[in-house]
Amino acid sequence: MEPLVRGKTLGIFGGGQLGRLIAEAAKSLGYRTAALDASASSPALQVVDIPIVGAVEDADAALKLAEASDLLTLEWELIPVKVLELAAKARPLYPAPSVLGVIQDRLTQKNFLRKHGFPQTPFGEATTAAGWKHPVIIKRRTQGYDGKGQCRLDRESDAPKAAEVLKAPCVWEKLVDFKAEISVILARGRDGATAVFPVAENLHRGGVLHATRAPARIPRDTAAKAVALAQRIAEALGHTGVMAVEMFLLHDESLLVNEIAPRVHNSGHYSLGGCATSQFEQHVRAVCGLPLGSTDLIEGKASMVNLLGDLWANGEPRWKTLDAIPGAKLHLYGKPDARPGRKMGHYTVVGAAADAEFERADERLKALRG
Ligand code: ADP
Ligand code: MG
């Protein structure tokens, strides 16, 4: 199939910050953009040419998006597969709905990884609040993100803590004692060509990404192993577009897959400004059938710090602190209400100052909060 012609419309399922950043990249490549979200004030609907308000679960709304678009993609993996299948009949959709069918349910995703022999922590279906070899993490099979719908049980007597989470179908996972969390962001084109971004090293707080640095401080052959693993997963999935594989790096340098995100990913935000091609532009290139761009780090290093709603606790953050850092790039997503834990924006620093900025993130956030 030919690349999507400039001036045609790329339609995005979902209106969050990922959709907004995809739309901005698509626009600068010369495409028109549309997006579907339940809220007219969502980050992406503020910037696309054709905003469509409707629930992503709503088949009629999905068809409206399809009619307004020449090609479809998504920024969020939790759109019902049936809705995506319907849309895919009307317009080309990348990634294919079947990819989402594997990813959406944690149990299906883990079984897929097991079937293909990819390394993971021991897991199983969690139907009751007992019977595990502690410590474990209980996770909702569907609809979980940013650490939501999860519960950590360190010992048998913690079982009651899981009652709320266990109201929906869950999986259990053995808790991993990791040395580091890393992620591999790659793009796979419609022709199967792949381009991989430098391996990212991630720090999470309370299940939410806090900061990323790239390249990860890991041996070269460990990075190569991680990249090969992610590429094999993308291949096995038949994925098209950008994809992230979150991994745990263990003390013996072995790797376990934590989870797959079939979309652009928070841990790839450093590429926006940090790499020759951002993950957002790369995603647009991949789904529109353009050649993939260079993923080289422009200044050798980059880091990214997330700005959560908690920063607004004392009113508007003191932006002066960030504005004064030469080279720091602020990206706010335009979300109207700053709730605690909500991702409101991020900032990046590239080049020589990136490592220090990663180490100094907490100090900066404290100063920002006022
Ligand atoms: P989400 O979809 O919310 O990102 P994850 O499964 O990635 O869910 O879990 C969020 C974070 O919780 C991970 O990045 C990691 O820090 C921690 N975590 C999740 N599962 C495990 C595990 N089995 N062992 C240790 N830490 C874990
Ligand atoms: Mg995760």
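Right above here is the structure, for reference.
Below or above, wherever it landed, is the structure these notes cover. Please read these numbers as outputs of a predicted model, since none were measured by experiment.

Cut-offs used in this document
- Residues numbered from 1 in each chain as written.
- Chains lettered and ligands numbered in written order.
- Predicted model: local features only at pLDDT ≥ 70, side-chain atom pairs only at ≥ 80, totals over all residues.
- Heavy atoms only, no water.
- Donors = N, O, S within 2.8 Å, 3.2 Å for Na, K, Ca; no water.
- Helix = DSSP H or I, 4+ residues; strand = E, 2+ residues; numbered from the N terminus.
- Buried < 20%, exposed > 50% of the residue type's maximum accessible area, 1.4 Å probe, protein only.
- Polar contact = N/O pair within 3.5 Å; in protein donor to acceptor, adjacent residues only side chain to side chain.
- Contact = heavy atoms within 4.5 Å.
- Core = buried A, V, L, I, M, F, W, Y, C linked by side-chain atoms within 4.5 Å.
- Pairing = 2+ DSSP bridges.
- Right-handed = clockwise from strand over helix to strand, strands pointing away.
- Axes fitted to C-alpha atoms, helices over the stretch in contact; angles between N-to-C directions.
- Parallel < 35°, antiparallel > 145°, perpendicular 65-115°, else oblique.
- Left-handed = near helix turned anticlockwise from the far one by under 90°.
- Nonpolar A, V, L, I, M, F, W, Y, C, P; charged D, E, K, R; others polar.
- Expected span 1.5 Å × (residues − 1).
- Arc of directions from axis to C-beta.

A look at the coordination of the magnesium ion (ligand 2)
Donor atoms from the polypeptide that coordinate the magnesium ion (ligand 2) comprise Glu246 (OE), Glu246 (OE) and Glu259 (OE), at 2.0 to 2.6 Å from the metal. Within this pair, whereas glutamate 246 is found in strand S13 (residues 241-250), its partner glutamate 259 is found in strand S14 (residues 255-261), the two being separated by 13 residues in sequence. Judged by relative accessible area, glutamate 246 falls into the buried class, the value being 11%.

As for the side chain of histidine 239
Its location among the elements puts histidine 239 in the loop between helix H6 (220-237) and S13. Here valine 242 takes part through its backbone oxygen, which lies 2.9 Å from a polar atom of the side chain of histidine 239. The residues touching histidine 239, leaving out its near neighbours within four places in the chain, are Pro95, Val99, Arg188, Ala234 and Pro262.

A short note on the side chain of arginine 20
Relative to the assigned elements, arginine 20 resides in helix H1 (residues 17-28). Among residues more than four places away in sequence, those in contact with arginine 20 are Pro43, Ala44, Gln46, Val47, Leu332, Tyr333 and Gly334.

Details of the nonpolar core
Counting residues in hydrophobic clusters, the biggest one holds 46 residues, and the most contacted among them are Phe13, Ile182, Ile233, Leu237, Met243, Met247 and Ile260. Every residue in contact with methionine 247, bar those within four places of it in the chain, is listed here: Ala180, Glu181, Ile182, Val184, Ala226, Leu229, Ala230, Leu255, Leu256, Val257 and Asn258. Counting 39 residues, the second-largest nonpolar core is a separate cluster that includes Leu29, Val48, Ala244 and Val264.

Focus: the pairing of strand S2 (residues 32-37)
Regular strands have side chains that alternate between both faces of the sheet. Counting buried residues in S2 gives 5 out of 6 residues, a clear majority hidden from the surface. Two strands pair when backbone bridges link them, and strand S1 (residues 9-13) and S2 are joined in this way by 5 bridges, in the parallel orientation. Among the inter-strand pairings, isoleucine 12 is bridged to a residue of S2, identified as alanine 35. In terms of handedness, the path from S1 via H1 over to S2 forms a crossover that is right-handed. With 4 bridges joining them, S2 and strand S3 (residues 50-53) adopt parallel strand pairing. From the neighbouring strand, alanine 34 faces S3, where its bridge partner is isoleucine 50.

Considering the packing of helix H2 (residues 59-68) against helix H3 (residues 81-90)
For the pair H2 and H3, interaxial distance at closest approach is 9 Å and the crossing angle is 30°. In terms of orientation, H2 lies roughly parallel with respect to H3. Seen from above, H2 lies across H3 with right-handed handedness. Seen from H2, the contacting residues are Ala59, Ala62, Leu63 and Ala66; seen from H3, they are Val83, Leu86, Ala87 and Ala90. Residue composition of the contact of H2 with H3, by class: 8 nonpolar, no polar and no charged.

Quick look at H6
Helix length check: H6 (18 residues) gives 26 Å between terminal C-alpha atoms against 26 Å at 1.5 Å per residue, within 8%. Within H6, burial applies to Thr222, Ala223, Ala226, Leu229, Ala230, Ile233, Ala234 and Leu237. Along H6, the residues classed as buried sweep out an arc of 130° about the axis, all on the same side. Exposed residues on H6 whose side chains face more than 90 degrees from its buried face are Arg220 and Asp221. Against the buried residues of H6 lie helix H4 (97-103), helix H5 (106-115), strand S9 (178-188), S13 and S14. Positive phi appears at glycine 238, one or two residues downstream of H6, with a value of about 70°.

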